[in-house]
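Tertiary structure, described
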Amino acid sequence: QVQLVEAGGGVVQAGGSLRLSCTLSGRTFGRTFSDYGMAWFRQAPGKERDFVARITRSGHATFYADSVKGRFTISRDNAKNTLLLQMNSLKPEDTAVYYCAANDGLGSTSRAAWQHWGQGTRVTVSS
């Protein structure tokens, strides 16, 4: 079973920065990290889990939700099986649990397209 583990969450003041990471391990049935498209979603209290950003297998293309465009950067290091999310200029509305997701199919902003999920890491932005 594919395992995704997020790290890097915490409490930060508005305007600050955090960097989240996600590592992939477990039984991947011959697939390597570079065979998976990767994404970040987030879920604020009482709200749906929403798309934040995704990156293609090669890392050559990235896509962002309008709410984070220009502030967040998704990247990946295929040699280290690691996905990153650099979050700058954080706002209180960025407060949420952030989830890493992986799929071996087509990329999408829809939760249903992602096969594997981490347990999440909490980000709190204080005003």
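Everything below is about the structure printed above this text.
It should be emphasised that the depicted structure is a prediction, and the values quoted were computed from it without experimental measurement. Residue positions are given per chain, counted from 1 along the sequence in the order it is written. In keeping with the model being predicted, local features are shown solely for residues with a pLDDT of at least 70 and side-chain atom pairs are shown and tallied solely at 80 or more, while totals for entire chains, interfaces and linings include all residues. In computing side-chain properties, one takes all heavy atoms of the structure into account and sets aside hydrogens as well as water.

With that out of the way, let us pick up the pattern of salt bridges. Salt bridges are identified by distance alone: a Lys or Arg side-chain nitrogen within 4 Å of an Asp or Glu carboxyl oxygen. Using the criterion set out here, one finds five salt bridges in the structure. The salt bridge partner of R31 is D104, with a shortest N-O separation of 3.0 Å. With R31 in the loop between β3 (18–26) and β4 (37–43) and D104 in the loop between β9 (96–103) and β10 (116–117), the pair connects residues that are 73 residues apart, well separated along the chain. Remark: exposure states derive from per-residue accessible area (1.4 Å probe, protein chains only) relative to the maximum for the residue type, with buried under 20%, exposed over 50%, and partly exposed in between. Taking the relative accessible area as the measure of exposure, D104 reaches 26% and is therefore partly exposed. With a closest N to O distance of 2.7 Å, D94 and R71 form a salt bridge. Here D94 is found in the loop between β8 (82–87) and β9, whereas its partner R71 is found in the loop between β6 (62–64) and β7 (72–77), with 23 residues between them in sequence. Its relative accessible area of 0% is what places D94 among the buried residues. Helix and strand assignments follow DSSP, with helices taken as H or I runs no shorter than four residues and strands as E runs no shorter than two, numbered in order from the N terminus.

Let us look at the packing of aromatic side chains. Aromatic contacts are taken between Phe, Tyr and Trp rings whose centres are within 6.5 Å, Trp giving its six-membered ring; a plane angle under 30 degrees counts as stacked, one over 60 as edge-to-face, and the others as tilted. Going through the model one piece at a time under the given rule, you end up with three aromatic pairs. Seen from their ring centres, F41 and F51 are 5.8 Å apart, and the 75° between their planes marks the pair as edge-to-face. A residue pair is termed long-range when its members are at least 10 positions apart, and F41 in strand β4 and F51 in strand β5 (residues 49–55) qualify at ten residues. Classification of F41 as buried rests on a relative accessible area of 0%. Residue class for F51 comes out buried when judged on its relative accessible area of 13%. An angle of 70° between the planes, with centres 6.3 Å apart, marks the rings of F41 and W114 as edge-to-face. A residue pair is termed long-range when its members are at least 10 positions apart, and F41 in strand β4 and W114 in the loop between β9 and β10 qualify at 73 residues. Three or more aromatic residues joined by ring pairs make a cluster, and in this case those are F41, F51, W114 and W117. Here, a charge over a ring means that NZ of Lys or CZ of Arg falls within 6 Å of the ring centre while also lying within 35 degrees of the ring normal. Positioned over the ring face of W117 is R49, at 4.9 Å from the centre of the ring.

This paragraph deals with the sheet that holds β3. Ordered in space as β1-β3-β8-β7, the four strands form an open sheet in which the pairing is antiparallel. Looking at the sheet topology across the chains shown, the edges are occupied by β1 (2–7) and β7. Averaged over neighbouring strand pairs, the angle between their axes works out to 15° when direction is ignored. DSSP calls a pair of strands paired once it identifies at least 2 bridges connecting them. Looking at chain direction, β1 and β3 are connected through six bridges and run antiparallel. When the sheet's bridge partners are listed, V5 is paired in β3 with T23. Axes here refer to lines fitted to C-alpha atoms; in helices the fit is confined to the stretch in contact. Angles between the N-to-C directions go from 0 to 180 degrees.

By themselves these figures say nothing about function.
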